[in-house]
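Here are the chains, one letter per residue:
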Amino acid sequence: MGPLVLALIGQRDRYGLELVKVLSAHDLVVSEGTVYPLLSRLMTNGLVESEWLISGKDRPRRIYRLTEEGKNEVRAFRSEWDAFATSVQDVLSENTMDNEDREIGTDR
Amino acid sequence: MNRTTDDELINQYLEALRAESAVLAPNQRAVLLSQLENHLEEARADGVDIRTSIDQLGRPEEVVREALGEDAPVPTAPSNSRLITALWAVGLVLSVLWSVASVAVLIWSAVAGASQGWLLIAAGVVLVGGVILSFWTARNVRQRLQR
């Protein structure tokens, strides 16, 4: 979950509710409240920083943004994930081919 | 949704969270409470139904469990832990009684004479078992009491 939160904050600075709603919309989180302790951990680890945004008549909002270290983390995760996803895809498509072979072989 | 009811719902949730989060470090607890208060205030400002927002946040204990993380000490139920200590203590008493009984058999068979040689060996083996068991249970009871 951590890398996904980082990736979302990496797209643009986000405030808490917005971040939680995006994760929730993708069915990535069951209890929305648990995202906040995760955010705190990411801040403790120096990957995310937060500040209060005060604009005009709107009430102040705490926004979250990536630190340089956080950006590096997202880059690293992205390349690892791409490699992993490719491997999984390769294995799955091999599996499909095996099944088709077997069906052709065993049919009648 | 009525604003007063929303206020009440938010306060109830935050109160429950405040109680539940007492196990956290003070600073961590303050941040968590402010984050969730902020979340609910934002939801209200955006016109989202507060009851639904609270349901989606999850129970306070779930949020606190997440905040405790994996490496945090999991608070064990004291009653459960006391019960296990009591069971170890019962085990200790039984193994000491076992050792005493085998000493009694040893003495008795020694008094009875050489014809009871097999009884002497059997009682000796049983005594060694009892002593080992006594030391083991005693160590466990001591460790549990020190916690």
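Located above this text is the structure these notes cover.
Residues numbered from 1 in each chain as written. Chains lettered and ligands numbered in written order. Predicted model: local features only at pLDDT ≥ 70, side-chain atom pairs only at ≥ 80, totals over all residues. Heavy atoms only, no water.

Q: Just to check I follow, could you spell out the environment of A:V29 for this structure?
A: Residues and elements named next belong to chain A. Note that V29 resides in the loop between α2 (16–25) and α3 (35–44). Placed 28 residues apart in sequence, V29 and M1 show a C-alpha to C-alpha distance of 8.5 Å. The contacts of V29, once residues within four sequence positions are left out, are M1, V20, L23, S24, T34 and V35. (Helix = DSSP H or I, 4+ residues; strand = E, 2+ residues; numbered from the N terminus. Contact = heavy atoms within 4.5 Å.)

Q: When you look at the packing of aromatic side chains in this model, what are you seeing that I'm missing?
A: Within the structure shown, the criterion is met by three aromatic pairs over all chains. Centre to centre, the rings of A:F77 and A:W81 are 6.0 Å apart; their planes meet at 20°, and the pair counts as stacked. One end of the pair is A:F77 and the other is A:W81, both in helix α4 (residues 68–106) and four residues apart, which spans about a single turn. Judged by relative accessible area, which is 29%, A:F77 ranks as partly exposed. Ring plane angle 85° and centroid distance 5.0 Å describe the contact between B:W88 and B:W136, whose orientation is recorded as edge-to-face. With a gap of 48 residues between them, B:W88 in helix α5 (residues 78–112) and B:W136 in helix α6 (residues 117–146) connect regions that are remote in the sequence. Given the relative accessible area of 22%, B:W88 is considered partly exposed. Counting every residue linked through ring pairs, the aromatic cluster contains A:F77, A:W81 and A:F84. A cation over a ring is seen here: A:R61 above A:Y15, with NZ or CZ 4.1 Å from the ring centre. (Phe/Tyr/Trp six-rings, centres within 6.5 Å; stacked < 30°, edge-to-face > 60°. Buried < 20%, exposed > 50% of the residue type's maximum accessible area, 1.4 Å probe, protein only. Lys NZ or Arg CZ within 6 Å of the ring centre and 35° of its normal.)

Q: Help me understand the layout of surface pockets, please; the structure alone is not making it clear to me.
A: To find the voids left in a structure, one rolls a probe of water-molecule size over its atoms. Size it by volume and the largest pocket reaches roughly 220 Å³. Considering the residues around the largest pocket, the lining is formed by 14 residues, among which A:L4, A:A7, A:L8, A:Q11 and A:R78 are closest to the centre. Put simply, the parts of the chain that give the lining of the largest pocket at least two residues each are α1 (2–11), α2 and α4 of chain A. Taken together, the residues of the lining of the largest pocket break down into ten nonpolar, two polar and two charged. Put simply, the second largest pocket is a space of about 150 Å³. Lining the second largest pocket are A:P37, A:S40, A:R41, A:M43, A:T44, B:Q28, B:V31 and B:L32. At the level of secondary structure, the elements contributing two or more residues to the lining of the second largest pocket comprise α3 of chain A together with α2 (26–45) of chain B. (1 Å grid on protein atoms, 1.4 Å probe; cavity = no way out; pocket = protein on both sides within 12 Å on 5 of 7 lines; lining within 4 Å. Points joined across faces, edges and corners; volume = space filled by probe spheres on them. Nonpolar A, V, L, I, M, F, W, Y, C, P; charged D, E, K, R; others polar.)

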